[in-house]
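# Secondary and tertiary structure notes
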Amino acid sequence: MGGEITYGKSEAREEIVGEEKMVVAQRRYTPAGVGGVFPPLMKVVVVGYALTSKKIKSFLQPQFERLARKKGILFVPIDLKRPLSDQGPFDIVLHKLSGKEWRRVLEDYGNANPEVTVLDPPDAIQQVYNRQSMLQDVADLNLSDVYGKVGVPKQLVIKKDPLSIPGAVNKSGLRLPIVAKPLFAKSHELSLAYDEFSLQKLEPPLVLQEFINHGMREILYGVFPPLPCRNLQGGVLFKVYIVGETIKVLRRFSLPDVSKRELSKSAGVYRFPRVSCAAASADEADLDPCVAELPPRPLLEKLAKELRRRLGLRLFNLDIIREHGTRDNYYVIDINYFPGYGKMPEYEHIFTDFLLSLVQSK
Ligand SMILES: O=P(O)(O)O[C@@H]1[C@@H](OP(=O)(O)O)[C@H](OP(=O)(O)O)[C@H](O)[C@H](OP(=O)(O)O)[C@H]1OP(=O)(O)O
Ligand SMILES: Nc1ncnc2c1ncn2[C@@H]1O[C@H](COP(=O)(O)OP(=O)(O)O)[C@@H](O)[C@H]1O
Ligand SMILES: [Mg+2]
Ligand SMILES: [Mg+2]
């Protein structure tokens, strides 16, 4: 399909892009009967996108679009008011919109146009939009090798009755403190419950998870002289961004550990409106080296490869924490579809190479 859209020489105009003078052409669509008229100078990969305005701002940054254009990739907004089949033709459809209707449109479009890569299939995305099913593949994978173990926190789903929560928690053996998250991953309020009685104040539908301490690693304190605690802002979370086969890991501050003493003295439910996005980057912070140490690369490679296959997704990130007091006990606590790649260093190159590789592999 990419080959059907050509740059026509007579169409070309010059534009100053950054420091360079580039030939920027008008796009021509073969179905309209014009593409074939012009000699093909360069194959263009056309990426139709359906994104929120917030996402367009953070993802389609000017320098990214410029680099993409240089490499022969054109981003074209999808008009939601018009049939998708009347637009394009596209080589790739990039999307992050919710709603049943949009899913149906994409599914029909994907079936009718198997040569177009839909990033990613709507039914695969649905699995990670629900926290009940989100981590299932990580649990099934049960990854454990010389580099470490990757699991998920013990969790329980509460669909309706808040009064049933203390009993259900007791029965399941989930230990306090407990993190409560909205069942639907698009909502981001988080609550931390310190005692069983307070659990009934939570508002279902929810996923309840054991809180995993992931701050300073005590085990090393026995070996080294105690260090002054510089990590005052809490634990550290690893954001593992995946774009096809590429992986990038960033550090973020996270919630502080809850000690046994604190747990025994505290009660109630603490609410946090949006922990993850409010948290600062911890990449430049003066962290204790044992907290800062990234998860082993081979472990992440294996995890990402398996999850790409099992989830059927190519664009996602994983929130991973390392259990306090351990060297290699990791937990995946969140999976996000098409996350904020704009924060990922070099995302422009990674993404453009990925888009080109999709078309080449076809
Ligand atoms: O807003 P951003 O750029 O921080 O990206 C959000 C992600 O942040 P992250 O890249 O993981 O730090 C964010 O990740 P978290 O759930 O906060 O870990 C979500 O993926 C969010 O999407 P949605 O609101 O769940 O649809 C993402 O929001 P959208 O950009 O997709 O609206
Ligand atoms: N089981 C857990 N143990 C410890 N901390 C957690 C746990 N679950 C979540 N957190 C903390 O809460 C934050 C938000 O939870 P997360 O599942 O990532 O939801 P969101 O989709 O809103 O980012 C995480 O980034 C982490 O700091
Ligand atoms: Mg998160
Ligand atoms: Mg999330």
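Keep in mind it's a predicted model, so treat the numbers as computed, not measured.

Neighbouring ligand 1 are 20 residues; Lys54, Lys96, Lys186, Lys239 and Lys343 lie closest to it. Within the side chain of Lys96, one N or O atom sits 2.6 Å away from an oxygen atom of ligand 1. Within the side chain of Lys343, one N or O atom sits 2.4 Å away from an oxygen atom of ligand 1. Within the complex, the protein chains bury 90% of what would otherwise be the 610 Å² of accessible surface of ligand 1. Residue assignment for the shell around ligand 1 shows that the elements contributing at least two residues are helix H1 (53-59), strand E13 (236-243), helix H8 (275-278), strand E16 (315-322) and strand E17 (329-337). In terms of residue class, the shell around ligand 1 is built from five nonpolar, five polar and ten charged.

What follows covers the sheet that holds strand E12 (residues 206-210). The sheet built from five strands is open, its strands ordered E9-E12-E10-E11-E15 with antiparallel pairing. With one partner strand each, in any of the chains shown, strand E9 (155-158) and strand E15 (269-272) form the two edges of the open sheet. The sheet shows a mean angle of 25 degrees between the axes of neighbouring strands, taken without regard to direction. Looking at chain direction, strand E10 (residues 178-182) and strand E11 (residues 190-193) are connected through three bridges and run antiparallel. Bridge assignment links Ala180 to a residue of E11, and that residue is Ser191.

Now for the coordination of the magnesium ion (ligand 4). Six octahedrally arranged donors around a metal ideally form angles of 90 or 180 degrees; four tetrahedrally arranged donors ideally form angles of 109.5 degrees. The protein atoms that coordinate the magnesium ion (ligand 4) are Asp334 (OD) and Asn336 (OD1), at distances spanning 2.1 to 2.2 Å. The distance between the magnesium ion (ligand 4) and the magnesium ion (ligand 3) comes to 3.6 Å, and Asp334 binds to both of them. The same class applies to Asp334 as to Asn336, namely buried.

Bringing unusual backbone geometry into the picture now. Residue Pro177 follows Leu176 across a cis peptide bond; omega there is -5 degrees. Tracing the sequence through the fold places Pro177 in the loop between helix H6 (165-172) and E10. For the bond from Pro204 to Pro205, the omega torsion is 5 degrees, close enough to zero to count as cis. Residue Phe338 is not a glycine yet carries a positive backbone phi of 40 degrees. Structurally, the position occupied by Phe338 is in the loop between E17 and helix H11 (347-361). Although it is not a glycine, Glu346 adopts a positive phi angle of roughly 65 degrees. Looking at the secondary structure, you find Glu346 in the loop between E17 and H11. Classification of Glu346 by relative accessible area gives partly exposed; the value is 49%.

Another point: the nonpolar core. In this structure, Phe59, Phe75, Leu315, Leu318, Ile335, Tyr341 and Leu355 are the most contacted members of the largest nonpolar core, which totals 64 residues. Among the elements that take part in this core, H11 stands out by supplying seven residues, more than any other. Leave out the neighbours within four places in its chain, and Tyr341 touches Phe59, Tyr241, Ile242, Val243, Leu315, Phe316, Tyr347 and Phe351. Counting residues in hydrophobic clusters, the runner-up holds 14 residues, among them Val46, Val76, Ile78 and Trp102.

In the neighbourhood of ligand 2, 20 residues make up the surrounding shell, with Lys181, His188, Ile212, Ser254 and Asp334 lying closest. At 3.5 Å from an oxygen atom of ligand 2 is found a main-chain nitrogen or oxygen belonging to Ile333. Separating an oxygen atom of ligand 2 from a side-chain N or O atom of Asp334 is a distance of 2.9 Å. Taken together, the elements giving at least two residues each to the shell around ligand 2 come down to E10, E12, H8, E16 and E17. Residues belonging to the shell around ligand 2 are distributed by class as follows: ten nonpolar, five polar and five charged.

To continue, consider the UniProt feature "binding site: Mg(2+) 1" (unreviewed entry) in the chain. With numbering aligned to this structure, UniProt lists the feature "binding site: Mg(2+) 1" (unreviewed entry) at Asp319 and Asp334. The named residues occupy 16 residues along the chain; their greatest pairwise C-alpha distance, 5.0 Å, places them in one compact cluster. Within the secondary structure, Asp319 is located in strand E16. Apart from residues no more than four positions distant in its own chain, Asp319 is found in contact with Leu237, Phe238, Lys239, Ser276, Tyr331, Val332, Ile333, Asp334 and Asn336. Of the polar contacts made by the side chain of Asp319, one reaches the side chain of Lys239; its length is 2.7 Å. Residue classification places Asp334 among the buried positions, given a relative accessible area of 11%.

Rules behind the numbers
Residues numbered from 1 in each chain as written. Chains lettered and ligands numbered in written order. Predicted model: local features only at pLDDT ≥ 70, side-chain atom pairs only at ≥ 80, totals over all residues. Heavy atoms only, no water. Near = heavy atom within 4 Å. Polar contact = N/O pair within 3.5 Å; in protein donor to acceptor, adjacent residues only side chain to side chain. Areas by Shrake-Rupley, 256 points an atom, 1.4 Å probe, with all protein chains shown as cover. Helix = DSSP H or I, 4+ residues; strand = E, 2+ residues; numbered from the N terminus. Nonpolar A, V, L, I, M, F, W, Y, C, P; charged D, E, K, R; others polar. Pairing = 2+ DSSP bridges. Axes fitted to C-alpha atoms, helices over the stretch in contact; angles between N-to-C directions. Donors = N, O, S within 2.8 Å, 3.2 Å for Na, K, Ca; no water. Buried < 20%, exposed > 50% of the residue type's maximum accessible area, 1.4 Å probe, protein only. Core = buried A, V, L, I, M, F, W, Y, C linked by side-chain atoms within 4.5 Å. Contact = heavy atoms within 4.5 Å. UniProt positions renumbered as here; feature names shortened; annotations may be inferred.

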